[in-house]
Every structure is written in C-alpha cells, then in structure tokens.
Amino acid sequence: MNRKKALLIGDYTHPKFHPLQGVDAEITHTLQDYLSVQCSENNHMFEYNNLGAFDLCISYLDSWTEKLSLKQTGGLLSFVSGGGGLVILHNGIIMDTRYEIAQLIGAKHTAHRTRQTLELRVTEPGHDITQGIEGFKIEDEPYRFEFDPFTEKTILLEYSADGEWHPAAWAHSYGLGRVVYLMPGNDQPAFQHPVYRKLLLQAAKWAARISG
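Residues numbered from 1 in each chain as written. Predicted model: local features only at pLDDT ≥ 70, side-chain atom pairs only at ≥ 80, totals over all residues. Heavy atoms only, no water.

### Digging into the environment of Tyr12
Locating Tyr12 in the fold gives a position in the loop between β1 (4-9) and α1 (23-31). A residue is classified by how much of its surface remains accessible, and Tyr12, at 25% relative accessible area, is partly exposed. With 30 residues separating them along the chain, Tyr12 and Asn42 place their C-alpha atoms 9.8 Å apart. If sequence neighbours within four positions are ignored, Tyr12 has contacts with Leu20, Gln21, Asp24, Cys39, Ser40 and Glu41. (Helix = DSSP H or I, 4+ residues; strand = E, 2+ residues; numbered from the N terminus. Buried < 20%, exposed > 50% of the residue type's maximum accessible area, 1.4 Å probe, protein only. Contact = heavy atoms within 4.5 Å.)

### With respect to the layout of surface pockets
Within this model, the largest pocket holds a volume of roughly 150 Å³. Residue lining of the largest pocket: Asp128, Arg178, Leu201, Gln202, Lys205, Trp206, Arg209, Ile210 and Gly212, and that is the complete set. Residue contributions to the lining of the largest pocket peak at four residues, all from helix α5 (residues 194-207). Here the residues of the lining of the largest pocket sort into three nonpolar, two polar and four charged. (1 Å grid on protein atoms, 1.4 Å probe; cavity = no way out; pocket = protein on both sides within 12 Å on 5 of 7 lines; lining within 4 Å. Points joined across faces, edges and corners; volume = space filled by probe spheres on them. Nonpolar A, V, L, I, M, F, W, Y, C, P; charged D, E, K, R; others polar.)

### Some thoughts on the side chain of Lys153
Tracing the backbone through its elements, the reader meets Lys153 in the loop between β8 (143-147) and β9 (154-161). Buried charge without a partner: Lys153 forms no salt bridge, and the closest opposite charge is Asp148, 6.1 Å away. Only 3.0 Å separates the side chain of Lys153 from the backbone oxygen of Asp148, close enough to count as a polar contact. Each residue touching Lys153, except ones within four places of it in the same chain, is listed here: Gly106, Phe147, Asp148, Trp170, Ala171 and His172. (Lys, Arg positive; Asp, Glu negative; His and termini not counted. Salt bridge = Lys/Arg side-chain N within 4 Å of Asp/Glu carboxyl O. Polar contact = N/O pair within 3.5 Å; in protein donor to acceptor, adjacent residues only side chain to side chain.)

### Some thoughts on the pattern of salt bridges
Within this structure, the stated rule accounts for five salt bridges. Arg197 serves as the salt-bridge partner of Glu26, at 3.1 Å between the closest nitrogen and oxygen. With a gap of 171 residues between them, Glu26 in helix α1 and Arg197 in helix α5 connect regions that are remote in the sequence. Owing to a relative accessible area of 11%, Glu26 belongs among the buried residues under this scheme. Across the salt bridge formed by Asp187 and Arg115, the nearest N and O atoms sit 3.1 Å from each other. Separated by 72 residues along the polypeptide, Asp187 in the loop between β11 (177-182) and α5 and Arg115 in the loop between β5 (107-112) and β6 (116-122) bring together distant segments of the chain. The class for Arg115 is partly exposed, based on a relative accessible area of 41%.

### Quick word on empty space enclosed by the protein
Empty space left among the atoms is revealed by rolling a probe the size of a water molecule over them. Counting across every chain of the model gives one cavity of 30 Å³ or more. Put simply, the largest cavity is a space of about 50 Å³. In terms of lining, the largest cavity is formed by Asn43, Leu61, Ser63, Glu66, Lys67, Leu68, Ile94, Met95 and Thr97. Taken together, the residues of the lining of the largest cavity break down into four nonpolar, three polar and two charged.

As structure tokens, then:
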C-alpha cells in the first residue's frame, strides 16, 4: 500500500504547555498504516513550497505568542483550498491569531479550564469521522470557542460542563480541501486512549481522502 504523507507541526524546543515529544510518537503510530508522518517544529514548513509535498497537515502548535507569517498563512490557505487536508489537535488551534486562519479553522479558541475528566458524546454518528465511535470519557482540558458564522461546519462531538454541552470537534470543507478540529489532546496519555486513537485515525483519513 502506497501511504500518503502527513506533516505534523508542533514545538519541541520552547513549548509553553504542550510539548510535541511523546505526542509525535503516538500520532505516528496511530496513523502508520495509512500515512507516513514527518514531524517538525519549523513554521516555515507552512509555506506552500514546503507544504505542497504533503497530503495532510496536522497542527499541534504551542507557540502562543508567535503568529504565522503572511507567507506561512498564505501557504496553508493555498494548500487546503487546493485540496489538502488539515487536522488541528487541541492547542494547535492557536493558529487562530491570524484572522484568515481562524476562518479556515471555523472558530477561535476563547478560554480553557484545567485538565479534568470530560464526558464526550457523538452528535453526528453518520459522519465518516465518527463511524463506530460511541460516547467516551477522557482526561483533558475543556476549551471554549467563538465560531465563524460563515463556515458551514458539522459538529461531531460535544463535551459536558456546568450542566451544558459544548462543541468538542467539527469538520468542514474549505475550497477543495477538508478541515477537522479535535479538542482532546492535552498530553501523551490522551493519544493513548483507544477511542480517541480511532477518532484521530478516522479524522486524518477523512481529511486526506483515504478510503478503506
């Protein structure tokens, strides 16, 4: 089987909260049957001349004070709109400091609480990403979001907090490409959760248009 190529970008040297060490091995292992994963902390990889060599980009960025450059922003937008896949995991949504990237993702991160036991439920069981996924509990940080009203997104998961249900994952098309956000992923143990591993694999396959 000729595997497609994925680029995983995070922070090894100066992460604020979420180092890529350990997480990189879990993601690589989860996707290994379908995708060859290259890991990097170099944001220049977002430039189209670099990103164009891949089928899927996975963001686990943790540089909370650093914006993507205009060239990096344009590269990512061109990559996805031209047919590439983008999966954003947990803290990877901090790319939203660029309004163009926030619109690409479909939402902005507004707040989060400390790590706790979260109950998650599937809200769209008919989607390819949630096939065979049932409600589960996971130790993670709950995030809150402000959604872009212009993006036609499908909410896939919700988590329970303060007696209400809040979005925890969504997916949508962007141009010819596909975008997925998954809220869980605070640390390495989250990526060892069997249900979340399956969810991540199916999200990556959907975004990269891998069948079977």
